Amino acid sequence: MQHKILLTGCRLATMAEGGEPYGLIKDGAVAIEAGRITWVGPRDDLPEEYSAYEVEDLEGRLVTPALIDCHTHLLFGGNRAREFEMRLNGASYEEIARSGGGIVSTVNATRAASDAVLIAGALKRLDHLIAEGVAVVEIKSGYGLTIKQEMRMLRLARQLETLRPVKIVTTWLAAHALPAEYEDRADSYIDEIAIAGMRHAAAEGLVDAVDGFCESIGFSPEQIARVFDAAKELGLPVKLHAEQLSDLKGALLVGEYGGLSADHLEYLAESDVPAFAQSGVIAVILPGAFYTLRETKLPPIEALRENNVPMAIATDCNPGSSPLSSILTAMNMASTQFAMTPEEVLAGVTRNAAQALGLAGDYGTLSAGVRAELAVWDADHPSELSYWIGGSPLFKRISAEPNR
């Protein structure tokens, strides 16, 4: 998008903080040049200098920043429908994991799948997200659990960006589960695979951030801290699967390292929220996993809200605990399960999601200087985006790099 274009005849949910809810402008205009927004505001206030731009009348449609899915495990082999059935028959997530199912079963399927099979499966899920207005997707490794396989996952994730008009953010998640060949040797795995592999992947430019699974069935806070120390040496930001199944104070650990986000948080203690808020870490809420695992322990949404913690929303798309490739459904789930308002939810997949990926200033709002990544909806009000269950009201996406 190198030419100059002026979008008119639209309602704008700019998602700018302060002022009107949603940053709403009822009759707005957006000026775009060279893939960046150069001006946004009420159409009546449009400066004369933009009158020469090519005009596109959106006929009263709603425009928002393009959406962001800031936590996914999008690239994997196989599926775990049988485990889904086992859970419905009474088995717990932990029981399935300890019996050889769970993450390790997906590791085996991913290792066995060809590159072409993994790409084809990921593209199906990615296309679902794009059809719902998503322009940025985070993809984690974590289903290879060897240096070679973890790096393969990140290379394939990067390849997806060349096949679709979407930005892919890659996350090193080797500290996801313990493979069978390292049984009872978790510390060795952290040193020999999670940390050593991170250094190789960073050297090849494959890593945007580093993550871990801090749980009794994953890795201890002490082991995660060693991973984070290595990430810090490499200048890589950190995030963490924290307090999903128990309270190991992982969210506070991310804060100690000045990390990007702590994700899940069902078991985050309300008494820890004030300290967590001081860290500036984004809380990423994952309603798909809560729903699929039939969890009953709610994340402390009200405490997060009262302490002004920015909350992002994501699909957590993965074959085990969140087989969900619809960001709009995740938005509805966040409202219905956690009583988050439609405005909080839309901020969670735009402004706050961008911050959770370290992309604030480039994505997540309609404001001068940001990339021209927009979603145009057949909708009258932004609350509709988290109201409908099923289907997508997307009219079209406008992309800064439509042919990427």
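What you are looking at is a predicted structure, and each value in this text was computed from that prediction instead of being measured.

## Some words on the overall build of the protein chain
Step number 1: Assigned secondary structure in the protein chain consists of 15 helices and 14 strands.
Step number 2: Relative to the 2.2 N^0.38 estimate, which gives 22 Å for 404 residues, the radius of gyration of the protein chain is 21 Å and therefore close to what a compact globule would have.
Step number 3: Counting only C-alpha atoms and orienting by the principal axes, one finds that the protein chain spans roughly 70 × 45 × 40 Å.
Step number 4: Across the 404 residues in the protein chain, those meeting the buried criterion constitute 58%.
Step number 5: When contacts within the protein chain are restricted to residue pairs at least 6 apart in sequence, those whose partners lie at least 24 apart make up 71%.
Step number 6: Surface exposure of the protein chain reaches about 15,500 Å², of which carbon and sulfur atoms provide 50%.
Step number 7: Averaging the coordinates of the 34 positive side-chain charges in the protein chain and doing the same for the 55 negative ones gives two points 5 Å apart.

## Remarks on the packing of aromatic side chains
Step number 1: Applying the stated criterion across every chain, the model contains eight aromatic pairs.
Step number 2: Aromatic pair Tyr182 and Tyr189: ring centres 5.4 Å apart, planes at 75°, arrangement edge-to-face. Tyr189 shares its class with Tyr182; the two are buried.
Step number 3: Taking 5.9 Å as the distance between ring centres and 15° as the angle between the ring planes, the aromatic pair formed by Tyr189 and Phe219 counts as stacked. Of this pair, Tyr189 sits in helix α6 (residues 186–203) while Phe219 sits in the loop between β8 (209–212) and α7 (221–233); the two residues are 30 residues apart in sequence, bridging distant segments of the chain.
Step number 4: Judged by relative accessible area, Tyr189 falls into the buried class, the value being 0%.
Step number 5: On the accessibility criterion, Phe219 (1% relative accessible area) is buried.
Step number 6: The lysine or arginine in question, Arg61, covers the ring of Phe395, its NZ or CZ lying 3.6 Å from the ring centre.
Step number 7: A cation sits over an aromatic face here: Arg125 above Phe76, 3.8 Å from the ring centre.

## Details of the side chain of Glu295
Step number 1: Secondary-structure assignment places Glu295 in the loop between α10 (287–292) and α11 (301–306).
Step number 2: This buried residue, Glu295, is left without a salt bridge; Lys297 holds the nearest opposite charge, at 7.9 Å.
Step number 3: Non-local contacts of Glu295, meaning those with residues more than four positions away in its chain, are made with Gln244, Glu266, Tyr267 and Phe290.

## Thoughts on the domain arrangement of the protein chain
Step number 1: Partitioning the protein chain into structural domains gives domain 1 (4–65 + 364–398) and domain 2 (67–356).
Step number 2: Taking only C-alpha atoms, the centre of domain 1 and the centre of domain 2 are 30 Å apart.
Step number 3: Listed as interface residues are 25 residues of domain 1 and, on the opposing side, 21 residues of domain 2.
Step number 4: Taken together, the two surfaces of domain 1 and domain 2 that pack against each other cover about 1,700 Å², and 62% of this comes from carbon and sulfur.
Step number 5: A per-residue breakdown of the area domain 1 buries against domain 2 is headed by Met15, Ser386 and Arg397, which together make up 34% of the total.
Step number 6: Run the count over domain 1 and domain 2 and you get one salt bridge.
Step number 7: For Arg351, the salt bridge is made with Glu17, and the minimal N-O distance between the two is 3.8 Å.
Step number 8: The tally of links from domain 1 across to domain 2 stands at nine residue pairs in polar contact (both at pLDDT 80 or more).

Rules used throughout
- Residues numbered from 1 in each chain as written.
- Predicted model: local features only at pLDDT ≥ 70, side-chain atom pairs only at ≥ 80, totals over all residues.
- Heavy atoms only, no water.
- Helix = DSSP H or I, 4+ residues; strand = E, 2+ residues; numbered from the N terminus.
- Rg over C-alpha atoms; globule rule 2.2 N^0.38 Å.
- Buried < 20%, exposed > 50% of the residue type's maximum accessible area, 1.4 Å probe, protein only.
- Contact = heavy atoms within 4.5 Å.
- Areas by Shrake-Rupley, 256 points an atom, 1.4 Å probe, with all protein chains shown as cover.
- Lys, Arg positive; Asp, Glu negative; His and termini not counted.
- Charge placed at Lys NZ, Arg CZ, Asp CG, Glu CD.
- Phe/Tyr/Trp six-rings, centres within 6.5 Å; stacked < 30°, edge-to-face > 60°.
- Lys NZ or Arg CZ within 6 Å of the ring centre and 35° of its normal.
- Salt bridge = Lys/Arg side-chain N within 4 Å of Asp/Glu carboxyl O.
- Domains from an automatic or database assignment.
- Buried area = accessible area lost by both parts, 1.4 Å probe.
- Polar contact = N/O pair within 3.5 Å; in protein donor to acceptor, adjacent residues only side chain to side chain.

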